[in-house]
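# Residue-level structural notes
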Amino acid sequence: MSMFGGGFGGPGGGPGSGAIGGMGGTGAGGRDRRQGGGTPFAGIPAELAAGVARLESAEPARPAPDEPFTQQPDTGRLTLWSLLSGRPGLLVAAAVAVLIEALLLQSGPYLVQVGIDSGIVARDVRWLVLAAVAFFVSVLLTAAASAVRIRQSGRLAAYATRDLRVRVFAHLQRLSLDHYTREKAGVTMTRMTSDVEALQHLLSEGFAQFLIHGLTMVVVTAVLVHYHAGLAAITLLLVVPPLLGLSLWFRRAADAGYGRQRDAIAALFTHLSESLYGVRVITAHNQRDAQVAEHREVVGGYRDANDHTGRISAVYGPGTSVIGLLGLAALLLIGGRMVLRGELSIGELTAFVLYLNAFFQPVQQLVQLYTNYQQARAALGKLRGLLRTTPAVVEKPGAGALPPAEGAIELRSVTFGYDPARPVLHDVTLRIAPGETVACVGPTGAGKSTLAKLVARLYDPDSGSVLIDGHDLRDVTLDSLHRQVGVVPQEPFLFAGTLRDNITFARPDAPASLIESAVDAVGLRDLVDRSPGGLDTVLHERGQSVSSGERQLIALARVFVAEPRVVVLDEATSSLDLRSELRVEAAIQRLLDGRTAILVAHRLSTARRADRVIVVDDGGVAEQGGHDDLVAAGGAYAAMYATWESHASAGQA
Ligand SMILES: Nc1ncnc2c1ncn2[C@@H]1O[C@H](COP(=O)(O)OP(=O)(O)OP(=O)(O)O)[C@@H](O)[C@H]1O
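Keep in mind the model is a prediction, meaning the values are calculated, not measured.

With that out of the way, let us pick up the overall build of the protein chain. Within the protein chain, the regular secondary structure consists of 22 helices and 12 strands. Residues classed as buried in the protein chain amount to 48% of the 653 residues present. Within the protein chain, contacts between residues at least 6 apart in sequence are counted, and of these 79% link residues at least 24 apart. In the form shown here, the protein chain has an accessible surface area of approximately 31000 Å², with 60% of it arising from carbon and sulfur atoms.

Moving on: the sheet that holds strand β1 (residues 409–416). Read across the sheet, 4 strands follow the order β2-β1-β4-β5 without closing on themselves; strand pairing throughout is antiparallel. Strand pairing shows two members of the sheet lacking a second neighbour, β2 (425–432) and β5 (471–472), which therefore form its edges. In terms of strand pairing, β1 meets strand β4 (residues 463–468) through 5 bridges, oriented antiparallel. Bridging from a neighbouring strand, I409 pairs with I468 of β4. In the packing of helix α13 (residues 448–455) onto the sheet, contacts are made with β1, β2 and β4, and the angle to β1 comes to roughly 120°.

We now examine the side chain of T477. By the secondary structure assignment, T477 is in the loop between β5 and α14 (478–484). For T477, a relative accessible area of 14% puts it in the buried group. In this structure T477 touches E395, A399, G400 and A401, once residues within four positions along its chain are discounted.

All right, on to the UniProt feature "transmembrane region" (unreviewed entry) in the protein chain then. Feature annotation in UniProt places "transmembrane region" (unreviewed entry) on residues 89–107, 127–148, 207–225, 231–250 and 321–340, given in this structure's numbering. In residues 89–107, the share of helix is 95% and the share of strand is 0%. The end C-alpha atoms are 28 Å apart. End-to-end, the C-alpha atoms of residues 321–340 are 28 Å apart, and along that stretch the chain is 100% helix and 0% strand.

Because the α-helix completes a turn every 3.6 residues, residues three or four places apart line up on one side. Taking 1.5 Å per residue as the helical rise, helix α9 (residues 229–277) with its 49 residues ought to reach 72 Å, and the 67 Å between its terminal C-alpha atoms agrees with that figure. By the largest-angle criterion, L236 marks the main kink of α9, which is about 30°.

L83, L164, V168 and L199 are the most contacted members of the largest nonpolar core, which totals 60 residues. Among the elements of the structure, α3 (80–84), α6 (125–174), α8 (185–227), α9, α11 (288–340) and α12 (346–388) are those that each provide at least two residues to this core. For this core, the element with the most residues is α12, which contributes 19 residues. Here this core spans two domains, and each of domain 1 (78–227) and domain 2 (229–343) adds at least three residues to it.

The next thing to look at is the packing of aromatic side chains. One pass over the structure, following the stated rule, counts 8 aromatic pairs. When the centroid spacing of 4.4 Å and the interplanar angle of 10° are considered together, the rings of F250 and Y316 count as stacked. Pair noted here: F250 is in helix α9 and Y316 is in helix α11, with a separation of 66 residues, a long-range link. In this pair, the class of F250 matches that of Y316, namely buried.

Let us look at the packing of α8 against α9. α9 packs onto α8 with a crossing angle of 175° between their chain directions and a minimal axis gap of 12 Å. Here α8 lies roughly antiparallel to α9, going by the angle between them.

Bringing the confidence of the model for the protein chain into the picture now. Of all residues in the protein chain, 88% have pLDDT values of 70 or greater, and the mean over the chain is 80. In the model of the protein chain, helix α1 (residues 28–35) stands out as the element of lowest mean pLDDT, 40, in contrast to β4, which has the highest, 94. Predicted confidence for residues 1–42 stays below pLDDT 50, and this span has 116 contacts to residues more than four positions away or in other chains. For this predicted complex, the interface confidence comes out at an ipTM of 0.96, alongside a pTM of 0.69.

Turning our attention to the side chain of H627. One can find H627 in helix α21 (residues 627–633). Under the relative-accessibility criterion, H627 is labelled buried at 9%.

Enumeration according to the criterion identifies 23 salt bridges in this entry. Among the ionic pairs, D460 bridges to R457, the shortest N-O distance being 2.7 Å. Taken individually, D460 and R457 each receive the classification buried, so the pair is uniform in this respect. Beyond isolated ion pairs, a larger network of salt bridges with shared partners links R87, R162 and D163.

Structurally, D163 can be placed in helix α6. Under the relative-accessibility criterion, D163 is labelled partly exposed at 33%. Each C-alpha atom, one on D163 and one on G86, is 9.1 Å from the other, the two residues being 77 residues apart in sequence.

This paragraph deals with the sheet that holds strand β3 (residues 437–441). Spatial ordering of the open sheet is given by β6-β9-β10-β3-β11-β12, a layout of 6 strands whose pairing is mixed. The two strands at the open ends of the sheet, each matched to only one other strand, are β6 (485–488) and β12 (620–625). Averaged over all pairs of adjacent strands, the angle between their axes in this sheet comes to 20°, without regard to strand direction. Of the strands in this sheet, β3, β6, β9 (566–570), β10 (596–600) and β11 (612–617) are in contact with α13, which crosses β10 at around 150°. Those strands touched by helix α18 (residues 548–562) are β6 and β9, and its axis lies near 175° from that of β6.

Bringing a nonpolar patch on the surface into the picture now. Side chains of I120, V121, V125, L128, V129, V133, F136, V137, L140, L141 and I346 sit close together on the surface and give an oily, nonpolar patch of about 1000 Å² of accessible area. Those elements giving two or more residues to the nonpolar patch turn out to be α5 (107–121) and α6. The greatest single-element share of the nonpolar patch, amounting to 8 residues, is contributed by α6. Among the structural elements, V121 can be located in helix α5. A relative accessible area of 52% places V121 in the exposed class.

So, how was this worked out
Residues numbered from 1 in each chain as written. Predicted model: local features only at pLDDT ≥ 70, side-chain atom pairs only at ≥ 80, totals over all residues. Heavy atoms only, no water. Helix = DSSP H or I, 4+ residues; strand = E, 2+ residues; numbered from the N terminus. Buried < 20%, exposed > 50% of the residue type's maximum accessible area, 1.4 Å probe, protein only. Contact = heavy atoms within 4.5 Å. Areas by Shrake-Rupley, 256 points an atom, 1.4 Å probe, with all protein chains shown as cover. Pairing = 2+ DSSP bridges. Axes fitted to C-alpha atoms, helices over the stretch in contact; angles between N-to-C directions. UniProt positions renumbered as here; feature names shortened; annotations may be inferred. Expected span 1.5 Å × (residues − 1). Bend = angle between axes of the 7 residues up to and from the residue. Core = buried A, V, L, I, M, F, W, Y, C linked by side-chain atoms within 4.5 Å. Domains from an automatic or database assignment. Phe/Tyr/Trp six-rings, centres within 6.5 Å; stacked < 30°, edge-to-face > 60°. Parallel < 35°, antiparallel > 145°, perpendicular 65-115°, else oblique. pLDDT = per-residue confidence, 0-100. Salt bridge = Lys/Arg side-chain N within 4 Å of Asp/Glu carboxyl O. Patch = residues over 30% accessible without salt bridge, like charges linked within 9 Å, V, L, I, M, F, W, Y side chains within 5 Å.

Written out as structure tokens, the structure reads:
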């Protein structure tokens, strides 16, 4: 198993991801953009450079976040209110605009009544003109209030969701490898895309509309009572109880429905991301039709979830319409009789009908909004769940920095299992001297990579402790640890960015001379010279435009530039040609010079050159010693070596 295998789209860095290539940090390209060079504009023709610079200078500045990234778990609350109240100024401005808009909207029917009763019926043209002008002004004012409301609530939503996205992303950076092994990438993608968008939709439009329509209903009720208390009571009694009953049913049915819809979207994203990531394997194994069939199944699940929510909405929407129209019919009958009896003017009945209509319009809108609200609530629940996930590897509050390390490593009675009930390593005790290179060998799945992961503190032991220079890794800050322990994973991960971005990933401010010596030391000079833009050549996503051997060399250069005191290197098993293999080996040799190193050695040629070999088997260190001594001792290592040697010579023959 690869040191970083499983989980999130291949190799992943640990928390903080200091010298580690992986999930950690922003993409190399992103960082470079902030520094003003590199990726996006490398290779821009000179005649376009001025235009590009102009466009760049017109872009809004995005200052660094107020709060720096910390390793401490996120303990903040996540509620709709916490999202809304983050920018009180915008909230108040939007709320005031909502209030004005809702009140202005209600002036229409009243002005119609004045126009009819005081203008048309009383044959007074001045009142008619006055009512019409007032109507016109109120429409203009409503439009202005509406513009302010849309602008402010849009800004509020944009800020709130940006903060939320950054907060969840920071949390993802904090989570440790166990999370990425357990959780599917597609599910996390859904949290960050579809779920956040559902919230954004509610925050930008939904809440303001909720308030407008809610207020409208309250104001209209008051106006109806004012016009004719008896008529208002009869009408409302006829419509409100069935409306309430129907809404309660919808709430219950929708709750389950929208939760299911969120899960279905996550499953869809998961399948999509996995099949995109594995497209080469799918093609090579001729599984495209099977993938399509599987995707049809997953999409079918999503369709079913949508169908369910669509079905309940189809009952609720028309149901409320019917109730409203029946109410209007009853009003026409009862109100009409009152007009005939002279208890109500014709203008009042018209206004009453218009107001009742104005009472039902929000109900229709609220149905739609309620759907949005339910979706957002389901999304919020999922995001809250993600934020509550605690990393297995946490930094102690008040942990001190690991002082510049000599590089002495010690494992004291370490027991560890991914499932604590089934330990992979049992009571392992090991000391590695500063500057020593130790090669871990042993059967597949014996726990070699696990031992290396514990030294890089990608996991914590279940019992016992791991120490560097006598400092328990749990007592030092993750940042200071990862800066001094460099990890080269078995499958190096490259970011979409330039060669330089990838080499300086762990140390963006590395001096040019160090980058150049890293390139020479690991044997990347050929690649750099061959590439059209030299170090500024843009690599494709996940480094697909370079060979696997070159990816390994770049990963080695990355650690070289980071200058850690301890190197943990999970050697790749991929078969390189002899020349590449020799190049990688020479690069490793140079990288390890003067550093303490743990090599998970799959090639015994690597083990042969180490200061000490440890054979990991049966949950512990079965044998250890110098290569020659172990071969002479005739134990497990000697047997492995004899087998390897005979294969190697057969291969060469
Ligand atoms: N993230 C994980 N979750 C659960 N089990 C794991 C995980 N990673 C490794 N294992 C299991 O732990 C055991 C030790 O794995 P490890 O990767 O340390 O083996 P290894 O000796 O490095 O193997 P290889 O030579 O194949 O790289 C294996 O049985 C493996 O299946």
